[in-house]
Amino acid sequence: MATTATHHDIHHDTHADEHEHHEGNFWTNYIFSQDHKVIAKQFLITGIFWALLGGILSVIFRLQLGFPDASLEWLRPVLGGWITPDGKLNQEFYLALVTMHGTIMVFFVLTAGLSGTFSNFLIPLQIGARDMASGFLNMLSYWFFFTSSVIMFISLFISTGPAGGGWTIYPPLSALPQAISGSGLGMTMWLVAMALFIVSSLLGGINYITTIINMRTRGMSFTKMPLTIWAFFFTAIIGLLSFPVLFAAALLLIFDRSFGTSFYLSDIYIQGQALAHEGGSAILFQHLFWFLGHPEVYIVLLPALGISSEIIATNSRKPIFGYKAMIGSMLFIAILSFIVWAHHMFVTGMNPFLGSIFMLLTLIIAVPSAVKIFNYVTTLWRGNIRFTPGMLFSIGLVSFFLTGGITGIFLGNSAIDIQLHDTYFVVAHFHLVMGSASFFGMMAGVYHWFPKMFGRMMDHRLGAIHFWITFVGVYLVFFPLHYIGIAGFPRRYYSFTNFAFSSGFADLNMLVSVAAILTLAAQFIFLFNFFYSMFRGKLAPANPWNSNTLEWTTPRNPQHGNWPGEIPAVYRWPYDYSKPGAKEDFIPQNVPYSETPESNLPHENDQIKLESSGDSGSIVIGPKH
Amino acid sequence: MSVDIKIVEEPKQPMTMNPKKFGMWLFMVTVFMVFAALSSAYIVRRAEGNWSYFELPALFWVNTVVILISSITLQWAYVSAKRDNLESVKIATIITAILGIGFMVGQYFAWADLVTNSIHLVGNPSGSFVYIISGLHGAHVLGGVIYLLILLSATQKGLVHSKSLNRIEMCATYWHFLGGLWLYLFLFLLLYR
Ligand code: HEM
Ligand SMILES: [Cu+2]
């Protein structure tokens, strides 16, 4: 280490030494840590816990859908009174299961678990910062999430059951405790948990944006930022603008539920009795909810897209195709995501002309999405592909993004949506494009950055097995649901056995359920690999994938503060893979152009001259020893 | 060890801003978005008809003046801090806090006026919205007053002076924001009744 800097070298890392040899106790190091890497791992572990629980819930209701006549008596030890005396799943509990599954997956796994883990872990490491702008708020963000998790978890065990109105909690169903048991205490706890969750997301988001804009290392201009960082940046902005709207919606709902106001309620009769609520509008809730709800799908998806851009470029050993187009399309998607919400409301009696405007805006999203898919494929094209588990999952993401995205074009048409709305076609669509694609992005990220997180490698072969079973399993689960949806199966139904038309699909439903069980079972391969490798895996080299970004310049187990010495400066974009003339097939971002004369392009040589002309604009670097 | 020295181009330091101040601006964006959501909910709901009309309490006018004056007094505190006139910083901050509390008390009495006018929280949404919007804004003012008290204690400890203005700048930014926000909400309620 001998980077002796002369003149103008700006030390904005003066507090580095405070951090270096600083050792706290167990509590400050692992529990109430302010180190972004530890907080990221806390989010990851909590997210994995929720993913497992959400998956188990879905398999329980898949059992009901695939085997409506089977006895579920054997679940009584776990579910207790929710199994009826004749061995069936309680019908209201079915709704609660669906609701909790959706809520858990969308918010707790793919928002907190995904953004929370990778934004926290990668932002400081990839932009060259010692930590987040505010370690304290970052810690607070995790603990708000944790408290929210605890409340949501407890709500699973109360006697009236957890919230049952669907993850979209539409009133009047969710507003009236008399309506179903899942609108009682469970719903109250859902709202409290989500309010805390929103606070957590906002604290996180404020930190991410502040850090990205203000804490970049020398040379890290916006056009040298890895696409992961761009993705996290847009995600945080979307969250910052949309989560407060959900908060407002929930606030009004809380007042309707607990204080007797009528924002969403009007003209309701229960058992012949008119309720006092007068003058509210249920559609109002849908507007507010979907103003968050649609951007939320991009909050879930964009980080996964960013992660896969990075992994695909690294493992194709090629520069990402269309770096600026990738940023541009993410920006375009982020903007569009705020003006398409009413495509969820085509059948609410909306003015058909307004419907066609929202249809047009929705269909435009296909353009930037297609640009992204094109760029992934062209990056892969004729690359020296290395099929690491992270790479496999990234390619899987591209596949799901494509198959799921195509059905979005159907659903975005206001006329076709009349037939397809609220059927299993929708379930198939969003599970592929949002659920599976983001889930695969998350898995890809875990496999790819595990060596930096835990200093050890995960097992390749187990990773590949995990990938193939999950990939095939996901298609087996969700592809048939398209047909079931077109045939007219509505979602959120406990059972279809009373409808004659459904009997033709009984086998298909059984297949889906079996595939779901297998897919869930395959996740235990991952869990084993994850925890086993954490303690017993092969020791990881500092840069196992020969990658360019800054996190790989840290030691094997980076301490609080990330770099033992000075923070590296950045001289080039992150995608100099297989550059013609270069000695190796990658050139990390912290290698100056002046050290790579053999591979520089003419304009890069000019840049050296420009920046080192005169005696003030240069740094003298001593020998490495 | 041979010493071969190389000349390397110097990377530029990216433009940055104080992270805390920047974070404060982002926080204000989120607060604004909550109220933007409430006001668009108001517009959407109002467009559907069945909307009862009533006069806003006259006290709202008085309270608006109070909160605007409090912005001026806090600005006075800020200017005094710049000139290291710590006594007036303290006095001006205290006056601002008192005005802030006065504003909240005033809002409370405005609610009482609404009640005598038979506009209750429970009833037609047109009235409920006024309670929710002014109440939520009041909650933020309460937060602002607490922030002022923290600033006061920092001044007491000598942490606020012409070389260290961040604290008072951030507090003033937030306080002006709350004033501006109320102005927006009040005008909004006046225009769309
Ligand atoms: C083991 C994998 C999974 C299976 C078998 C599965 C299955 C299902 C099924 C069949 C439904 C519809 C139930 C109904 O409408 O009656 C459903 C609902 C849902 N799932 Fe999944 N799912 C899985 C993973 C995920 C993931 C990763 C996400 C993340 C986005 C997700 C998000 C949702 C949402 C948001 C709903 C709607 C809940 C509602 O209607 O309120 N699921 N899931
Ligand atoms: Cu949408």
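None of the values given here were measured: they were computed from a predicted structure. (Residues numbered from 1 in each chain as written. Chains lettered and ligands numbered in written order. Predicted model: local features only at pLDDT ≥ 70, side-chain atom pairs only at ≥ 80, totals over all residues. Heavy atoms only, no water.)

Just to check I follow, could you spell out the overall build of chain A for this structure?
A tally of regular secondary structure across chain A gives 18 helices and 3 strands. Relative to the compact-globule value of 25 Å for 625 residues, chain A shows a C-alpha radius of gyration of 26 Å, a close match. Over its C-alpha atoms, taken along the principal directions, chain A stretches across nearly 90 × 55 × 50 Å. Within chain A, buried positions represent 60% of all 625 residues. Within chain A, the 32 negative side-chain charges are centred at a point lying 8 Å from the centre of the 29 positive side-chain charges. (Helix = DSSP H or I, 4+ residues; strand = E, 2+ residues; numbered from the N terminus. Rg over C-alpha atoms; globule rule 2.2 N^0.38 Å. Buried < 20%, exposed > 50% of the residue type's maximum accessible area, 1.4 Å probe, protein only. Lys, Arg positive; Asp, Glu negative; His and termini not counted. Charge placed at Lys NZ, Arg CZ, Asp CG, Glu CD.)

What is the right way to look at the coordination of the iron atom of ligand 1 in this model?
When four donors bind a metal tetrahedrally, each ideal donor-metal-donor angle is 109.5 degrees, and when six bind octahedrally, the ideal angles are 90 or 180 degrees. Residues and elements named next belong to chain A. Those protein atoms acting as donors to the iron atom of ligand 1 are His101 (NE2) and His431 (NE2), and they sit at 1.9 to 2.0 Å. With 6 donor atoms in place around the iron atom of ligand 1 and angles of 86 to 180° between them, the coordination shape is octahedral. Placement of histidine 101 in helix H5 (residues 91-127) and of histidine 431 in helix H15 (residues 424-454) is noted, with a sequence separation of 330 residues between them. Exposure class is identical for histidine 101 and histidine 431. Each is buried. (Donors = N, O, S within 2.8 Å, 3.2 Å for Na, K, Ca; no water. Tetrahedral: all angles 85-135°; square planar, octahedral: opposite > 155°, others 65-115°.)

Mind showing me how you'd approach the pattern of salt bridges here?
Working definition: two side chains of opposite charge can pair if their charged atoms are close together. All names here are of chain A. Following the criterion strictly, the structure yields 13 salt bridges over all chains and no others. Residue arginine 572 pairs with aspartate 576 through a salt bridge whose shortest N-O separation is 2.7 Å. Just as arginine 572 is buried, aspartate 576 falls in that class too. Ionic pairing is found between lysine 579 and glutamate 604, a salt bridge with its closest N-O pair at 2.8 Å. Taken together, the residues span a long stretch of sequence, with lysine 579 in the loop between helix H17 (506-536) and helix H18 (602-612) and glutamate 604 in helix H18 at a distance of 25 residues. Each member of the pair, lysine 579 as well as glutamate 604, is classed as buried. Salt bridges sharing partners connect three or more residues here, namely Arg572, Asp576, Lys579 and Glu604. (Salt bridge = Lys/Arg side-chain N within 4 Å of Asp/Glu carboxyl O.)

Is there a simple way to explain the nonpolar core in this structure?
Side chains of nonpolar character tend, in soluble globular proteins, to be buried together. All names here are of chain A. Counting 242 residues, the largest nonpolar core has Leu89, Phe118 and Phe530 as its most contacted members. The two domains that each donate at least three residues to this core are domain 1 (33-265 + 275-536) and domain 2 (561-625). Phenylalanine 530 has contacts with Leu44, Ile45, Ile48, Val446, Phe450, Phe454 and Met458, leaving out every residue within four places of it along the chain. (Core = buried A, V, L, I, M, F, W, Y, C linked by side-chain atoms within 4.5 Å. Domains from an automatic or database assignment. Contact = heavy atoms within 4.5 Å.)

It is not clear to me how the coordination of the copper ion (ligand 2) should be interpreted in this structure. Could you clarify?
All names here are of chain A. Around the copper ion (ligand 2), the protein contributes the donor atoms His294 (ND1), His343 (NE2) and His344 (NE2), which lie 1.7 to 2.0 Å from the metal centre. When the donor residues of the copper ion (ligand 2) are listed from N- to C-terminus, their spacing reads H-x48-H-H. We classify histidine 343 as buried; its relative accessible area is 13%. In this structure histidine 344 comes out as partly exposed when scored by relative accessible area, which is 21%.

Looking at this model, I keep getting lost on the site of ligand 1. Mind explaining?
Residue and element names in this part refer to chain A. Around ligand 1 lies a shell of 23 residues, among which Tyr94, His101, Trp167, His431 and Arg492 are the nearest. Interatomic distance of 2.9 Å between a side-chain N/O atom of tyrosine 94 and an oxygen atom of ligand 1. Take arginine 491: an N or O atom from its side chain is 2.9 Å from an oxygen atom of ligand 1. For the shell around ligand 1, the element with the highest residue contribution is H5, accounting for 7 residues. The class makeup of the residues in the shell around ligand 1 is 14 nonpolar, 6 polar and 3 charged. (Near = heavy atom within 4 Å. Polar contact = N/O pair within 3.5 Å; in protein donor to acceptor, adjacent residues only side chain to side chain. Nonpolar A, V, L, I, M, F, W, Y, C, P; charged D, E, K, R; others polar.)

So what exactly am I meant to see when it comes to the environment of asparagine 207 of chain A here?
Following the sequence through the fold, asparagine 207 of chain A ends up in helix H7 (residues 185-214). Excluding residues within four positions of it along the chain, asparagine 207 of chain A makes contact with Met132, Ala133, Ser134, Leu137 and Asn138 of chain A.

Would you take a moment to explain helix H16 (residues 460-486) of chain A for this structure?
Think of an α-helix as turning once every 3.6 residues; residues three or four places apart then point the same way. Residues and elements named next belong to chain A. The terminal C-alpha atoms of H16 lie 39 Å apart, and with 27 residues this matches the ideal 39 Å at 1.5 Å per residue to within 8%. Structurally, the start of H16 carries an N-cap: the backbone nitrogen of arginine 461 is 3.1 Å from a side-chain oxygen of aspartate 459. Following H16 by one or two positions, glycine 488 has its phi on the positive side, about 110°. (Expected span 1.5 Å × (residues − 1).)

Sorry, what's going on with the packing of aromatic side chains here?
Aromatic ring pairs are described here by two measures, namely the spacing of the ring centres and the angle between the planes. Residue and element names in this part refer to chain A. Under the criterion given, the structure shown has 90 aromatic pairs over all chains. Considering the side-chain rings of tryptophan 167 and tryptophan 290, the 6.1 Å spacing of their centres and the 90° angle between planes classify their relative orientation as edge-to-face. Of this pair, tryptophan 167 sits in the loop between helix H6 (135-155) and H7 while tryptophan 290 sits in helix H9 (residues 282-316), and the two are 123 residues apart along the sequence. Here tryptophan 167 falls in the buried class, since its relative accessible area comes to 10%. (Phe/Tyr/Trp six-rings, centres within 6.5 Å; stacked < 30°, edge-to-face > 60°.)

Please explain the side chain of arginine 257 of chain A as it appears in this structure.
With respect to the helices and strands, arginine 257 of chain A occurs in helix H8 (residues 227-258). For arginine 257 of chain A, which is buried and forms no salt bridge, the nearest opposite charge comes from aspartate 256 of chain A, at a distance of 9.5 Å.

Where do I start with the domain arrangement of chain A in this structure?
Interface size is commonly expressed as the accessible surface area that is lost when the partners come together. Residue and element names in this part refer to chain A. What the domain assignment reports for chain A is domain 1 (33-265 + 275-536) and domain 2 (561-625). Using only C-alpha atoms to locate each centre, domain 1 and domain 2 end up separated by 40 Å. Across the contact, 25 residues belong to domain 1 and 20 residues belong to domain 2. The three residues of domain 1 that bury the most area against domain 2 are Arg130, Arg218 and Arg317, which together make up 37% of that side's buried surface. In this structure, aspartate 585 and arginine 317 form a salt bridge, with 2.9 Å as the shortest nitrogen-oxygen distance. The interface formed by domain 1 and domain 2 includes 16 residue pairs in polar contact (both at pLDDT 80 or more). Looking at the side of domain 1 that touches domain 2, the elements with two or more residues in it are helix H3 (36-66), H5 and H9. At 3 residues, the largest contribution of residues to the side of domain 1 that touches domain 2 is made by H9. The residue makeup of the side of domain 1 that touches domain 2, split by class, is 11 nonpolar, 6 polar and 8 charged. (Buried area = accessible area lost by both parts, 1.4 Å probe.)

Would you mind showing me how to read the environment of valine 427 of chain A here?
Residue and element names in this part refer to chain A. Examined against the element boundaries, valine 427 turns out to sit in helix H15. Look at valine 427 and you get buried, because its relative accessible area is 9%. Along the sequence, valine 427 and glutamine 271 sit 156 residues apart, while their C-alpha atoms lie 33 Å from each other. Aside from chain neighbours lying at most four places away, what touches valine 427 is Leu481 and Arg491.

Looking at this structure, how should I read the environment of threonine 64 of chain B?
Tracing the backbone through its elements, the reader meets threonine 64 of chain B in helix H2 (residues 59-82). Between the C-alpha atoms of threonine 64 of chain B and glycine 106 of chain B, which are 42 residues apart in sequence, the distance is 9.6 Å.

Would you take a moment to explain unusual backbone geometry for this structure?
Trans is the common state for peptide bonds, and a negative phi is the common state for residues other than glycine. All names here are of chain A. Omega for the bond connecting proline 171 with proline 172 falls within 30 degrees of zero, at 5°, which places this linkage in the cis form. Following the sequence through the fold, proline 172 ends up in the loop between H6 and H7. In the Ramachandran plot, aspartate 267 falls in the positive-phi region, its phi being about 50° despite a non-glycine side chain. Despite not being glycine, arginine 382 has its phi angle at roughly 55°, a positive value. Examined against the element boundaries, arginine 382 turns out to sit in the loop between helix H12 (366-380) and helix H13 (389-411). What makes arginine 382 exposed here is its relative accessible area of 75%.

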